[in-house]
Amino acid sequence: MTLTLPSRLRDFWGEIAPRERNLIAIGLFVLLPIGFYLYVWQPMHSERTRLAQRVEQLRGELAQLRADSEEVKRLRGQQPIGSGQTLDASVRVAAARFGLSDSIGTLTPQGSDRLAVEMDAAAFDAWLRWVGELGVQGISLTACKVEALPTPGLVRVKATLTRAAP
């Protein structure tokens, strides 16, 4: 296979000295790989690395969404706390759902729509979910004192709960 050059380039190549031809050939031999690396290989490699990191991030998000999906399925399967129940009964039912039944120390009624709750060694994340569930059921947290215990993740809680008027 022979390579034919356009006439202007062939004329230019024929007019320059052999030493200049060698310098141009060596320059092209050095610059072409450098140009290929800088303008093709390196951007392609950095984009590939960025996309691989993004795929790992998306896999983590997918795992979290699947876990959230299982939590939603579990919560949908639960029976709602009855609004006809007393505040005390509603609080106890919700506590049982989140594994806080053993943590409840005392429940002191303060009228028909207020309840003082004391918990010893409650798991903080379960307590937060419990308060969220009560909020959905129309029971709000009026006052609260949370103390961290020496065991990581456990807290002592003193709270006042109020049922919203229907």
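Residues numbered from 1 in each chain as written. Predicted model: local features only at pLDDT ≥ 70, side-chain atom pairs only at ≥ 80, totals over all residues. Heavy atoms only, no water.

Phi angles above zero are rare outside glycine, and Ala 121 is one such case at about 55 degrees. Inspection of the secondary structure assignment puts Ala 121 in strand β2 (residues 114–123). According to the relative accessible area criterion, Ala 121 is partly exposed, its value standing at 40%. (Helix = DSSP H or I, 4+ residues; strand = E, 2+ residues; numbered from the N terminus. Buried < 20%, exposed > 50% of the residue type's maximum accessible area, 1.4 Å probe, protein only.)

Three or more residues of helix α3 (residues 87–97) are buried, namely Leu 87, Ser 90, Val 91, Ala 94 and Ala 95. Relative to the axis of α3, the buried residues are bounded by an arc of 130 degrees and lie together on one face. Buried-residue contacts for α3 involve β1 (104–109), β2, α4 (124–136), β3 (139–148) and β4 (154–163). Just downstream of α3, Gly 99 is the residue with a positive phi angle, here 70 degrees. (Arc of directions from axis to C-beta. Contact = heavy atoms within 4.5 Å.)

A separate point is the nonpolar core. The biggest cluster of nonpolar side chains holds 22 residues, and the ones touching the most others in it are Val 91, Leu 100, Val 117, Met 119, Trp 130, Leu 134 and Leu 161. For this core, the elements supplying multiple residues, two or more each, are α3, β1, β2, α4 and β4. Here this core takes five residues from α4, the largest share from any one element. (Core = buried A, V, L, I, M, F, W, Y, C linked by side-chain atoms within 4.5 Å.)

The next subject is the side chain of Glu 133. Along the polypeptide, Glu 133 turns up in helix α4. Accessibility expressed as a relative area gives 14% for Glu 133, which makes it buried. Among the polar contacts listed, one links the side chain of Glu 133 to the side chain of Arg 97, at a separation of 3.2 Å. (Polar contact = N/O pair within 3.5 Å; in protein donor to acceptor, adjacent residues only side chain to side chain.)

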